[in-house]
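# Coordinate inspection notes
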Amino acid sequence: MNRELTKKLATILKKRKLSKNFNIMEVCGTHTVEFFKSGVKELFPEGLRLIDGPGCPVCVTANSFLDRAITIAREYNATIATFGDMLKVPSSYSSLAKEKAKGMDVQIVYSPLDALTLAKENSSREVIFLSVGFETTAPSEALTILEAKKNNIKNFSLLSCNKLTPPAVEALINSGEVKIDGFILPGHVSTITGRAAWDFITKYNKPGIISGFEAHDLITGVIELLDMLESGENSVKNGYKIAVKEEGNKKAQEIIFSVFEKAPSEWRGIGMIPDSGLAIKEEFSFFDAEKKFPVTPPPVKEHAGCRCGDLLRGVITPPECPLFGKACVPENAIGPCMVSSEGPCSAYYKYWRK
Amino acid sequence: MCLAVPMTIERFEGNYAVASAKGVEVLVNYAMTPDLKIKDKVLVHAGFVIEKLDEDQAKEIEATWEEYYKATESQAG
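All of the points below concern the structure found in this document. Within any chain, residue numbers begin from 1 and follow the written order of that chain's sequence. Written order determines the labels here, with chains lettered from A and ligands numbered from 1. Totals for whole chains, interfaces and linings use every residue, but because this is a predicted model, local features are given only for residues with pLDDT of at least 70 and side-chain atom pairs only at 80 or more, for both listing and counting. Only hydrogens and water are removed before side-chain values are computed, so all heavy atoms of the structure are retained for them.

## Describing the overall build of chain B
Rules: Strands here mean DSSP runs of E at least two residues long; helices mean DSSP runs of H or I at least four residues long; both are numbered from the N terminus. For every residue, the accessible area obtained with a 1.4 Å probe (protein chains only) is divided by the maximum for its type, and the residue is called buried under 20%, exposed over 50%, and partly exposed between those limits. The charge count includes Lys and Arg as positive and Asp and Glu as negative, but it does not include His or the ends of the chains. In plain terms, the charge of a residue is placed at NZ if it is Lys, CZ if Arg, CG if Asp and CD if Glu.
A tally of helices and strands in chain B yields 1 helix and 5 strands. The helix and strand sequence of chain B, counted from the amino end, reads β-β-β-β-β-α. Dimensions of chain B, computed from C-alpha atoms along their principal axes, come out at roughly 60 × 25 × 25 Å. Looking at chain B residue by residue over its 77 residues, the buried ones come to 40%. Put simply, chain B has 8 plus and 14 minus side-chain charges, and the middle of one group is 6 Å from the middle of the other.

Structure, rendered in structure tokens:
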């Protein structure tokens, strides 16, 4: 969209008068950051409140997952390959960064295929990829397992913490804990799932719009959602048609479900949600690190005072956590929401001004 | 983590494609979008093409919002 039109639409949003107060939730962690970074949050009219949702995969990963990864790596002297965001996330008693400093072989990779290459090049070591992510990432991880099987790579496995976002959104709506009037829905997740995957929110009389990530996408997304809220239109619109189709990327969905199957998954702050996770199918169990390396991780311990859980349910904003910006800062984070570049605490810490 | 980067397909190399953005070229897996052609615009996430971008939609969207702006302005008087 040309800059001139973006500016004109920004003015429309800023000048808008609302007939009543509205709470809207942005589900995606990248949106959390972009609303701040682009300045679009500053354009919000009086009475419009943005609630951060559970859309940062690192943030919603429960301590138990990292506890298991660290225990496996210690007991089996395995290499951990991970996206960089996971490095400083605190587990119950440690973190991958702390373990690396003590000698654990922890490698940061850009793609799950890089982890597979690491395994090929180090055939005497077990390489475990920490598979953390939503629908956007899951097909890449499934394709990596298919590639490992095809090439008979025996020292590669994946510890799955893959999650599906629509069940988490439905769980939040059902909890009724926070009043949400409508949703800004994730762009890249929807590239895989399709627009239709979100239609369920209309059962609860909640409209939504899938949005892209540029300033003009966010501005038009909010304008269109406000139009729906004001007129009582209860539907899910696609504001990111350039990348999102009605039924999504069917090939990618087929790839996901050739390797994974739906399973219950634990979300930080929300708890166990049925069918919200992806477990590796039995026929690929050789690549399932949880089965390949049985361990008993230590009892899970939550960090005293950390309110990431409340934040991920939209109950509080980051500045309402007593640790925010004091004991918990990006360099020394207590909770994952301050560690991840997409975490709401990290975004508030960088961009929010009182 | 769900960040994806718009890129252009430059050429194919075996089962992979070379995609570029702002002068940077990367090797990408395109198993999720097997019908790609050279110069197609795509979204790349973690070394994989996750979708082909539909550029015609961008023009249509811009025209729709131009109309929206005009209608809103005329209502405001």
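Having seen the model, we can carry on.
## Some words on the overall build of chain A
Where we set the bar: Radius of gyration: C-alpha atoms only; globule rule: 2.2 Å multiplied by the number of residues to the exponent 0.38. Throughout, a residue-residue contact means that at least one pair of heavy atoms, one from each residue, lies within 4.5 Å. Exposure was quantified through the Shrake-Rupley algorithm and a 1.4 Å probe, taking into account, for residues, occlusion by the shown protein chains and nothing else.
Each helix and strand in chain A was counted, giving 15 helices and 11 strands. The C-alpha atoms of chain A give a radius of gyration of 21 Å, which matches the 20 Å a tight globule of 354 residues would have. Principal-axis analysis of the C-alpha atoms places the extent of chain A at approximately 65 × 45 × 40 Å. The 354 residues of chain A split such that 60% are buried. When contacts within chain A are restricted to residue pairs at least 6 apart in sequence, those whose partners lie at least 24 apart make up 78%. Counting every atom, chain A has about 14,000 Å² of accessible surface; 49% of that belongs to carbon and sulfur. Both charge centroids of chain A, one from 44 positive and one from 42 negative side chains, sit 3 Å from each other.

## Structural notes on the pairing of strand S6 (residues 156-162) of chain A
All names here are of chain A. Our working definition: A strand pair is defined by DSSP finding two or more bridges across the two strands.
Counting buried positions along S6 yields 6 of 7 residues, so the element is predominantly enclosed. When strand S5 (residues 127-133) meets S6, the two strands line up parallel, connected through 7 bridges. Directly across from Leu130, in S6, lies its bridge partner Leu159.

## Remarks on the sheet that holds S6 of chain A
All names here are of chain A. The criterion, for reference: Helix axes are fitted to C-alpha atoms over the stretch in contact, other axes to C-alpha atoms as well, and angles between N-to-C directions run from 0 to 180 degrees.
Spatially, the 4 strands line up as an open sheet ordered S4-S3-S5-S6, and their pairing is parallel. In this open sheet, the two strands that pair with only one neighbour each are strand S4 (106-108) and S6. When the angles between neighbouring strand axes are averaged without regard to direction, this sheet yields 25°. Taken together, the 3 bridges between strand S3 (residues 79-82) and S4 define a ladder with parallel strand orientation. Its bridge partner being in S4, Ile80 is matched across the sheet by Val106. Sitting on the sheet, helix H7 (residues 138-150) touches S5 and S6, and the angle it makes with S6 is about 160°.

## Observations concerning the pairing of strand S10 (residues 260-267) of chain A
Residues and elements named next belong to chain A. As defined by bridge partners, S10 adjoins strand S11 (residues 271-280) across 7 bridges and the pair is classed as antiparallel. Residue pairing for S11: Phe260 is matched across the bridge by Ile280. Taken together, S10 and the strand that follows it, S11, pair antiparallel across an intervening segment of 3 residues, in which Gly269 is found at a positive phi of about 85°.

## Structural notes on the nonpolar core
The tendency in soluble globular proteins is for nonpolar side chains to be buried as a group. Note the following rule: In plain words, nonpolar cores are sets of buried Ala, Val, Leu, Ile, Met, Phe, Trp, Tyr and Cys residues tied together by side-chain atoms within 4.5 Å.
Counting residues in hydrophobic clusters, the biggest one holds 105 residues, and the most contacted among them are Leu96, Ile128, Leu130, Phe156 and Phe183 of chain A. Here the element with the most residues in this core is helix H4 (residues 63-76) of chain A; it accounts for 6 residues. Core analysis: the next-biggest nonpolar cluster, separate from the first, contains 26 residues, Leu5, Ala10 and Ile24 of chain A together with Tyr69 of chain B among them.

## Digging into unusual backbone geometry
Its identity is not glycine, yet Asn152 of chain A carries a phi of approximately 55°, on the positive side. With respect to the helices and strands, Asn152 of chain A occurs in the loop between H7 and S6. Here Lys39 of chain B, not a glycine, exhibits a phi torsion of approximately 80°, which is positive. With respect to the helices, strands and loops of the structure, Lys39 of chain B is situated in the loop between strand S3 (24-29) and strand S4 (41-45).

## Thoughts on the interface of chain B and chain A
Quick reminder of the rule: When two components associate, each loses some accessible surface as probed by a 1.4 Å sphere; the sum of these losses over both components is called the buried area. A carboxyl oxygen of Asp or Glu within 4 Å of a side-chain nitrogen of Lys or Arg is what we treat as a salt bridge. Identification of polar contacts relies on pairs of N or O atoms within 3.5 Å, with a donor-acceptor requirement for protein atoms, meaning one able to donate a hydrogen and the other able to accept it, and with residues adjacent in sequence counted only if both atoms are side-chain atoms. For this classification, Asp, Glu, Lys and Arg are treated as charged, while Ala, Val, Leu, Ile, Met, Phe, Trp, Tyr, Cys and Pro are nonpolar and the rest, including Gly, are polar.
Opposite the 30 residues of chain B that make contact, chain A presents 43 residues. For the pairing of chain B and chain A, the buried interface totals around 3,200 Å² over both sides, and the portion due to carbon and sulfur atoms is 67%. On the surface where chain B and chain A come into contact, there are 2 salt bridges. Of the charged contacts, one joins Lys8 of chain A and Glu66 of chain B as a salt bridge, the two residues approaching to 3.5 Å between their closest N and O atoms. Where chain B meets chain A, there are 10 residue pairs in polar contact (both at pLDDT 80 or more). Among the residues forming the side of chain B that touches chain A, the class breakdown is 19 nonpolar, 6 polar and 5 charged.

## Some words on the environment of Glu342 of chain A
All names here are of chain A. Along the chain, Glu342 falls in the loop between helix H14 (336-339) and helix H15 (344-351). Sequence-wise, Glu342 and Cys28 are 314 residues apart; in three dimensions their C-alpha atoms are separated by 8.6 Å. Side chain to side chain, Glu342 and Thr30 meet in a polar contact 2.9 Å long.

## A word on helix H11 (residues 250-259) of chain A
All names here are of chain A. To be explicit about the condition: Comment: arc refers to directions from the helix axis out to C-beta atoms.
Among all positions of H11, only Ala252, Ile255, Ile256 and Val259 are buried. Around the axis of H11, the buried residues are gathered within 100° of arc, so they sit on the same side. Among the exposed residues of H11, those pointing more than 90 degrees away from its buried face are Lys250 and Glu254. Each element contacted by the buried residues of H11 is listed here: H7, helix H9 (187-193), S10 and S11.

## Some thoughts on the environment of Ile209 of chain A
Residues and elements named next belong to chain A. Position of Ile209 among the secondary structure elements: in strand S8 (residues 208-210). Looking at Ile209, the relative accessible area reads 1%, which means it is buried. Sequence separation between Ile209 and Leu185 is 24 residues; the distance between their C-alpha atoms is 5.6 Å. Sequence-distant contacts of Ile209, that is, excluding residues within four places in its chain, are made with Phe183, Ile184, Leu185, Gly221, Glu224, Leu225, Met228, Lys237 and Gly239.

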